[in-house]
Amino acid sequence: MRLFHSIKRYAPTEEKAPHCHDDFVQLFYIHQGCGIARAQDKSILAVGGQLIWVPLNHRHHLKVLKDSCLSVIHASPDVIPYFHDEMGIISTNRLMVQVMAEMEAQDSGRDQNDDSNSDVQHHYLAVFIDQLKKQNYQNDVYQSTNDIDKRLLPIIEALTIEPDIKLSLERFAEHCGASSRTLNRLFISTFEQPFREIRQQLVMEKAWQLSRAGVAHTDIALDLGYNSLSAFSHALNRFKQDKASQKLAKNHNLLASVQQQQ
């Protein structure tokens, strides 16, 4: 095996049994919906536009929530960069997101017996892999050292399928069999952040993805439940500034580490 790519769609929630691979590495790109990757020591929550890295011989399993669509890439270790010995999230850029969107759109409209787009898909994948060489392993992700409590899954599903800044815990309290305060405590114990912060981040991640894809901000604001364009613009600008600050801090730490080694 050198490189294999497939697109998989999940109508109901589906979970794979724990396993590992000794001859290839894996990447999971989330087109839409949500995936929860679990290793022995942590769970990682990945949403639309994010990329999960699974190294060689790393025992893991993936739970894909309903109405999700993923690209699955299997590759020989010498074909793509080896990012880390631990499973995690890999950064993406605008070109990678656009390329994956094109591949998913072509797959949706392709007849099962029609191979006319195979060459185009191959070229798109080559661009994606080329851009992958410029990316980094990320630690600032939604992860937990414990399994994600099943009572949180319907809330996470709702936030990833139809992100909405007005979504409240009260909407799920009766269905989940827990009060809104209990659910909020579960978010804090799982992700070390309250529901309000998780909601804000997931909504902004979706806004950032749509913005990079060229969708008008007015349309994004309406889709995500904002009452005014100014409120949305303020939230998105703050999110961009936070991302820039995190990137600057990461580069500073990397430079300091290199200087220490010298």
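Here, the structure is the one placed above.
Please read all numbers here as calculations on a predicted model, not as lab measurements. (Residues numbered from 1 in each chain as written. Predicted model: local features only at pLDDT ≥ 70, side-chain atom pairs only at ≥ 80, totals over all residues. Heavy atoms only, no water.)

Enquirer: Looking at this model, I keep getting lost on empty space enclosed by the protein. Mind explaining?
Expert: If you roll a probe as big as a water molecule over the atoms, it shows you where there is empty space left. Taken as a whole, this structure holds 1 cavity of 30 Å³ or more when the rule is applied. By volume, the largest cavity is sized at about 90 Å³. For the largest cavity, the full set of lining residues is His31, Gln32, Gly33, Val47, Gly48, Leu159, Thr160, Pro163, Leu202, Glu205, Lys206 and Gln209. Taken together, the elements giving at least two residues each to the lining of the largest cavity come down to strand E3 (25-32), helix H3 (153-161) and helix H6 (195-212). In terms of residue count, H6 provides more of the lining of the largest cavity than any other element does, 4 residues in total. Here the residues of the lining of the largest cavity sort into 4 nonpolar, 6 polar and 2 charged. (1 Å grid on protein atoms, 1.4 Å probe; cavity = no way out; pocket = protein on both sides within 12 Å on 5 of 7 lines; lining within 4 Å. Points joined across faces, edges and corners; volume = space filled by probe spheres on them. Helix = DSSP H or I, 4+ residues; strand = E, 2+ residues; numbered from the N terminus. Nonpolar A, V, L, I, M, F, W, Y, C, P; charged D, E, K, R; others polar.)

Enquirer: Just checking my understanding: could you explain the pairing of E3 for this structure?
Expert: Looking along a regular strand, one sees the side chains alternate between the two faces of the sheet. Across the 8 residues that make up E3, a large majority, 7, are buried. Pairing between E3 and strand E6 (residues 51-54): 4 bridges, direction antiparallel. Within the sheet, the bridge partner assigned to Gln26 lies in E6 and is Val54. (Buried < 20%, exposed > 50% of the residue type's maximum accessible area, 1.4 Å probe, protein only. Pairing = 2+ DSSP bridges.)

Enquirer: Please explain the packing of aromatic side chains as it appears in this structure.
Expert: The description of two aromatic rings rests on the distance between their centres and on the angle between their planes. Inspection of every chain in the model, using the stated rule, returns 7 aromatic pairs. On the basis of an interplanar angle of 80° and a centroid distance of 5.4 Å, the ring pair of Trp53 and Phe83 is categorised as edge-to-face. Here the residue Trp53 occupies a position in strand E6, and Phe83 occupies one in the loop between strand E8 (68-75) and strand E9 (88-90), the gap between them amounting to 30 residues. In this structure Phe83 comes out as buried when scored by relative accessible area, which is 16%. Centroid distance Tyr226 to Phe232: 5.4 Å. Interplanar angle 70°. Geometry classified as edge-to-face. Pair check on accessibility: Tyr226 and Phe232 agree, each one buried. The structure contains a cluster of three or more aromatic residues connected by ring pairs, namely Trp53, Tyr82 and Phe83. (Phe/Tyr/Trp six-rings, centres within 6.5 Å; stacked < 30°, edge-to-face > 60°.)

Enquirer: When you look at the pattern of salt bridges in this model, what are you seeing that I'm missing?
Expert: If charged atoms from side chains of opposite charge come close, those side chains can pair. Going through the model one piece at a time under the given rule, you end up with 5 salt bridges. The partner of Arg9 in a salt bridge is Glu104, and the shortest N-O contact between them spans 2.8 Å. Placement of Arg9 in strand E1 (residues 3-10) and of Glu104 in helix H1 (residues 94-109) is noted, with a sequence separation of 95 residues between them. With a closest N to O distance of 3.0 Å, Arg9 and Asp107 form a salt bridge. You can see Arg9 sitting in strand E1 and its partner Asp107 sitting in helix H1, a full 98 residues away along the chain. A single network of salt bridges, built from pairs that share partners, joins Arg9, Glu104 and Asp107. (Salt bridge = Lys/Arg side-chain N within 4 Å of Asp/Glu carboxyl O.)

Enquirer: I keep staring at the side chain of Asp107 and nothing clicks. Help me out?
Expert: Only 3.0 Å separates the side chain of Asp107 from the side chain of Arg9, close enough to count as a polar contact. Ignoring anything within four residues of it in the chain, the contact list for Asp107 reads Ile7, Arg9 and Gln121. (Polar contact = N/O pair within 3.5 Å; in protein donor to acceptor, adjacent residues only side chain to side chain. Contact = heavy atoms within 4.5 Å.)

From the geometry alone we can't say anything about function, so treat these as descriptive.
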